[in-house]
Amino acid sequence: MATLTVPGVLSSPRDDAMHLYKAFKGWGCDIIAVIGILAHRDSSQRALIEQEYKVMYSEDLTKRLSSELAGDVKKALLLWMPDPARRDAMILREALSSNIDLKAVTEVLCSRTPTQLYQLKQLYIALFGVYLEHDIQSQTSGDHKKMLIAYITMPRSEGPEVDRTVVEQDAKALFNAGEKRLGTDEQTFRSIFSERSRPHMDAVSSTYKNMFGNTLKKAIKSETSGNFEYALVTILQSAENPGKYFAKVLRKAMKGLGTDDKTVTRVIVTRTEMDMQHIKGEYYKKYGKTLTDAVHSETSGNYRTFLLSLLGPNS
């Protein structure tokens, strides 16, 4: 469920391009006007605006935005402009090369569907001339590396079908590979988590709890650690309730002293056109405060205006 609100006055890509050009002219940029347009256009609309802008003014809109804006609002708007697959590729390339951020890499890869991962891998090599697997191999290690590589290469069903017999077998196999034994059989965890569909993993999670009394998430946390643990938890929670998972990621990024603006930007920008209404609902349910209010209190200026425009009404 997306949160993008439709602008009050219907506007064509050509009109939008003209209004953006006008916002760039003169002394300083009318950032509020820029946000007022771009924050209320979906991925296909933004692509059409970019095309019109190039035709009309013989310059690249993204480059113009980059030269006109600064700080967190610049980073957020530049991340907002591409389509989702290109955006994910850009996030991963930066997190695997210039600013190493394995948490961001894990979050993106382990929360995407097989179709999204396929598109992402195709774009990654087209944009950067290197396979995504190669960059993962060079920047990660151990079970974390094996998990990510398996997760982005193994085919998985995206249908709702669940085989109850296999679900029970998997729940038992995970118990035997973890809580039942001394030490952990990481291979079993990797195999099941990389090969099974989301509905299947959701069923495994509830079956595990019914059979053994403990939650599968708690078992993962006691049996594994570090980025490998984070990958397994991300896969599991993306199967059970992605809205709840991303609500937690946002809460952690805004809790305590200082705000992790990079994470807040990444999650809000990447999920706005997907499931932001669910995330907002889960955030309020878990923390008794709206996500909009949380973002309002933790950010400021044009950056805050842009994020709140993406989040939409406080509901």
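Look up a bit, the structure's there.
Being a predicted model, the structure only gives us computed values, none of them experimental.

Another point: the overall build of the protein. Secondary structure assignment for the protein yields 20 helices and 0 strands. A compact globule built from 315 residues would reach a C-alpha radius of gyration of about 20 Å, and the protein, at 21 Å, matches this within 12%. Once the C-alpha set of the protein is aligned to its principal axes, its extents read approximately 70 × 45 × 40 Å. For the protein, the proportion of its 315 residues judged to be buried stands at 46%. Sequence separation of 24 or more characterises 69% of the internal contacts of the protein that already satisfy a separation of 6 or more. On the protein, roughly 14700 Å² of surface is accessible, and the fraction owed to carbon and sulfur atoms is 51%. The distance from the centre of the 43 positive side-chain charges to the centre of the 38 negative ones in the protein is 3 Å.

One finds Leu109, Phe193 and Phe306 to be the most contacted residues of the largest nonpolar core, which totals 91 residues. Considering every element that reaches this core, the biggest residue donor is helix 15 (residues 226–240), with 8 residues. In this view, leucine 109 contacts Leu92, Leu117, Leu120, Leu132, Ile136, Leu148, Tyr151 and Ile152; residues no more than four positions away in its chain are not counted.

Attention now moves to the packing of aromatic side chains. The tally for this structure, following the rule as stated, stands at 11 aromatic pairs. Centroid distance tyrosine 21 to tyrosine 53: 6.4 Å. Interplanar angle 55°. Geometry classified as tilted. With tyrosine 21 in helix 1 (residues 13–24) and tyrosine 53 in helix 3 (residues 43–57), the pair connects residues that are 32 residues apart, well separated along the chain. Note on tyrosine 53: relative accessible area 0%, which makes it buried. A network of ring pairs unites the aromatic residues Tyr21, Phe24, Tyr53 and Tyr57 as a single cluster. Residue placement shows arginine 156 over the ring face of tyrosine 151; its charged tip is 3.7 Å from the ring centre.

Next up on the list: the environment of asparagine 227. Structurally, asparagine 227 is set in helix 15. For asparagine 227 and arginine 14, which are 213 residues apart along the polypeptide, the C-alpha to C-alpha distance reads 46 Å. Excluding anything up to four places from it in sequence, asparagine 227 contacts Leu102, Lys103, Thr106 and His144.

Tracing the chain through its elements places arginine 46 in helix 3. A distance of 2.9 Å separates a polar side-chain atom of arginine 46 from the backbone oxygen of tryptophan 80. Leaving out residues up to four positions away in the same chain, arginine 46 has contacts with Leu38, Arg41, Trp80, Met81, Pro82, Arg87 and Glu273.

Closest axis-to-axis distance for the helix 10 (residues 142–153)/helix 12 (residues 186–195) pair is 9 Å, and the angle between their directions is 25°. Judged on the interaxial angle alone, helix 12 and helix 10 are roughly parallel. Seen along the crossing, helix 10 lies across helix 12 with a hand that is right-handed. For the pair formed by helix 10 and helix 12, the contact residues are Asp143, Lys146, Met147, Ala150 and Tyr151 on the first element and Glu186, Arg190, Phe193 and Ser194 on the second. Tallied by class, residues from the contact of helix 10 with helix 12 come to 4 nonpolar, 1 polar and 4 charged.

Summed over all chains, the structure comprises 17 salt bridges. The shortest N-O distance in the salt bridge between arginine 41 and aspartate 16 comes to 2.7 Å. You can see arginine 41 sitting in the loop between helix 2 (31–38) and helix 3 and its partner aspartate 16 sitting in helix 1, a full 25 residues away along the chain. With a relative accessible area of 3%, aspartate 16 lands in the buried category. A cluster of three or more residues bridged by salt bridges with shared partners is formed by Arg46, Arg87 and Glu273.

Cut-offs used in this document
- Residues numbered from 1 in each chain as written.
- Predicted model: local features only at pLDDT ≥ 70, side-chain atom pairs only at ≥ 80, totals over all residues.
- Heavy atoms only, no water.
- Helix = DSSP H or I, 4+ residues; strand = E, 2+ residues; numbered from the N terminus.
- Rg over C-alpha atoms; globule rule 2.2 N^0.38 Å.
- Buried < 20%, exposed > 50% of the residue type's maximum accessible area, 1.4 Å probe, protein only.
- Contact = heavy atoms within 4.5 Å.
- Areas by Shrake-Rupley, 256 points an atom, 1.4 Å probe, with all protein chains shown as cover.
- Lys, Arg positive; Asp, Glu negative; His and termini not counted.
- Charge placed at Lys NZ, Arg CZ, Asp CG, Glu CD.
- Core = buried A, V, L, I, M, F, W, Y, C linked by side-chain atoms within 4.5 Å.
- Phe/Tyr/Trp six-rings, centres within 6.5 Å; stacked < 30°, edge-to-face > 60°.
- Lys NZ or Arg CZ within 6 Å of the ring centre and 35° of its normal.
- Polar contact = N/O pair within 3.5 Å; in protein donor to acceptor, adjacent residues only side chain to side chain.
- Axes fitted to C-alpha atoms, helices over the stretch in contact; angles between N-to-C directions.
- Parallel < 35°, antiparallel > 145°, perpendicular 65-115°, else oblique.
- Left-handed = near helix turned anticlockwise from the far one by under 90°.
- Nonpolar A, V, L, I, M, F, W, Y, C, P; charged D, E, K, R; others polar.
- Salt bridge = Lys/Arg side-chain N within 4 Å of Asp/Glu carboxyl O.

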